[in-house]
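If you want the building blocks of each chain, they are given just below.
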Amino acid sequence: MPASFNKSVIEEFRANEGRVGGPFDGSDLLLLTTTGATSGTARTTPLGYVRYGGSLLLVASNLGAPDDPYWYRDLLAHPVVDVEIGTRAHQALAIPAEGARREELFAHVVREAPGYGDYQAATTRTLPVVVLEPAVPDGVSPREVRTLADKILEVHDQLRLQLRLVTEDVDAHFAALAAHEGPGEPPAPSLGLQVRQRCLAFCQALEFHHTSEDGHLFPGIAHHHPQLTDVLDRLRAEHRAVARVQEGLAALLADIGAAEPTCFRAELARMTAELTAHIDHEEEVILPLVADVPWPPGPPA
């Protein structure tokens, strides 16, 4: 759709609590904000959606055009997206479905919104179906965040859980392949993209966390505790080492489709242990220094 048309729809959506007239009158519509795959800038797109249980489904139809829409290419590079429905906004993790699950979800979409079947018939491209999951997975016990130490622990809890979910997805992927019996090729992997998206979400969240520490938290600590300058420098160096582990983790998980399970699991366990050890060490060093710093921070004195 032309940018000017999208802009008018977005403005109407936000001005009318998520209701839009014209061709979208009565439709289920949301606003999806992605991060540009190459530009890194935020881009908002109005999209139709279909509910499936507790999930939201998007179809990268591009009106049946031969190429995937830009928002789909964006979320493959930056899986965490912003979603607006009505007057509410939240972050989500965007995971394209694969294999039999994609077929199941697309059939559900077509039952609810038959027009997507027409778009599929108009192109040889298999239309991706994207599941929007909570960006903060279930399983993180809510913390009362009153200090900066509490906030760091909240972020670390989420990072640890994301790492655990990556391992669980890998185990499920290999279990499905091992369950194949009889002649013929094993089923097409159904969790490869899910593993990839979770890994990207973890790596990008950890990178943002480290950038915030290096650029803001550590200089503040050094100002008040100059005797810790060497310790903070070592943590910065550790951040660079962890970044190399993150790159290795992303490369490992991107090639899961051709991996030998035993070696793959061993390498994943090694990288996970290294990343977890860094998080543990950071808590040991940093938390005592910021235990009395209020969060959110108050206005400057």
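Source: prediction; values computed, not measured.

A word on the overall build of the protein chain
Thinking step 1. Along its length, the protein chain carries eight helices and seven strands.
Thinking step 2. When its C-alpha atoms are laid out on the principal axes, the protein chain stretches across 65 × 60 × 35 Å.
Thinking step 3. Relative to its full complement of 301 residues, the protein chain shows a buried share of 40%.
Thinking step 4. Intrachain contacts of the protein chain at a sequence separation of at least 6 include 68% that bridge at least 24 residues.
Thinking step 5. When the accessible surface of the protein chain is split by element, carbon and sulfur atoms take 55% of a total near 16000 Å².
Thinking step 6. Computing the positive centroid from 24 side-chain charges and the negative centroid from 42, the protein chain places the two 3 Å apart.

Some points on the sheet that holds strand β6 (residues 88–96)
Within a sheet, adjacent strands bond to each other through the backbone by hydrogen bonds, running parallel or antiparallel.
Thinking step 1. Strands sit in the order β2-β1-β5-β6-β7-β4-β3 across an open sheet of seven strands; the sheet is antiparallel. The open sheet terminates on both sides in strands that have one partner only, identified here as β2 (42–48) and β3 (50–52). Neighbour to neighbour, the strand axes of the sheet diverge by 35 degrees on average, direction disregarded.
Thinking step 2. Docked against the sheet, helix α2 (residues 70–77) engages β1 (29–35), β2, β4 (55–59), β5 (80–85), β6 and β7 (129–134), running at close to 120 degrees with respect to β2.
Thinking step 3. Contacts from helix α6 (residues 192–224) reach β5, β6 and β7, with the element oriented near 130 degrees to β6.

Concerning the environment of Y72
Thinking step 1. Within the fold, Y72 resides in helix α2.
Thinking step 2. Relative accessible area serves as the criterion here: at 8%, Y72 is assigned to the buried category.
Thinking step 3. Each C-alpha atom of the pair Y72 and A60 lies 6.4 Å from the other, and the pair is 12 residues apart in sequence.
Thinking step 4. For Y72, the contacting residues outside a window of four places in its chain are A60, P96, P128 and V130.

Points about the pairing of β5
Thinking step 1. Bridge count between β1 and β5: three bridges; the pairing is antiparallel. Bridging across to β5, L32 finds its partner in V83.
Thinking step 2. Where β5 meets β6, six bridges bridge the pair, whose relative direction is antiparallel. Among the inter-strand pairings, E84 is bridged to a residue of β6, identified as A89.
Thinking step 3. The antiparallel hairpin formed by β5 and β6 contains two residues in its connecting segment, where G86 sits at a positive phi of about 60 degrees.

Overview of the packing of α2 against α6
Thinking step 1. Contact geometry of α2 with α6 gives a least axis separation of 9 Å together with a crossing angle of 65 degrees. Between α2 and α6, the interaxial angle falls into the category roughly perpendicular. For the pair α2 and α6, the contacting residues are L75, L76 and A77 in the first and L193, R196, Q197, L200 and Q204 in the second.
Thinking step 2. A breakdown of the residues in the contact of α2 with α6 according to their chemical character gives five nonpolar, two polar and one charged.

Thresholds, definitions, all that
Residues numbered from 1 in each chain as written. Predicted model: local features only at pLDDT ≥ 70, side-chain atom pairs only at ≥ 80, totals over all residues. Heavy atoms only, no water. Helix = DSSP H or I, 4+ residues; strand = E, 2+ residues; numbered from the N terminus. Buried < 20%, exposed > 50% of the residue type's maximum accessible area, 1.4 Å probe, protein only. Contact = heavy atoms within 4.5 Å. Areas by Shrake-Rupley, 256 points an atom, 1.4 Å probe, with all protein chains shown as cover. Lys, Arg positive; Asp, Glu negative; His and termini not counted. Charge placed at Lys NZ, Arg CZ, Asp CG, Glu CD. Pairing = 2+ DSSP bridges. Axes fitted to C-alpha atoms, helices over the stretch in contact; angles between N-to-C directions. Parallel < 35°, antiparallel > 145°, perpendicular 65-115°, else oblique. Nonpolar A, V, L, I, M, F, W, Y, C, P; charged D, E, K, R; others polar.

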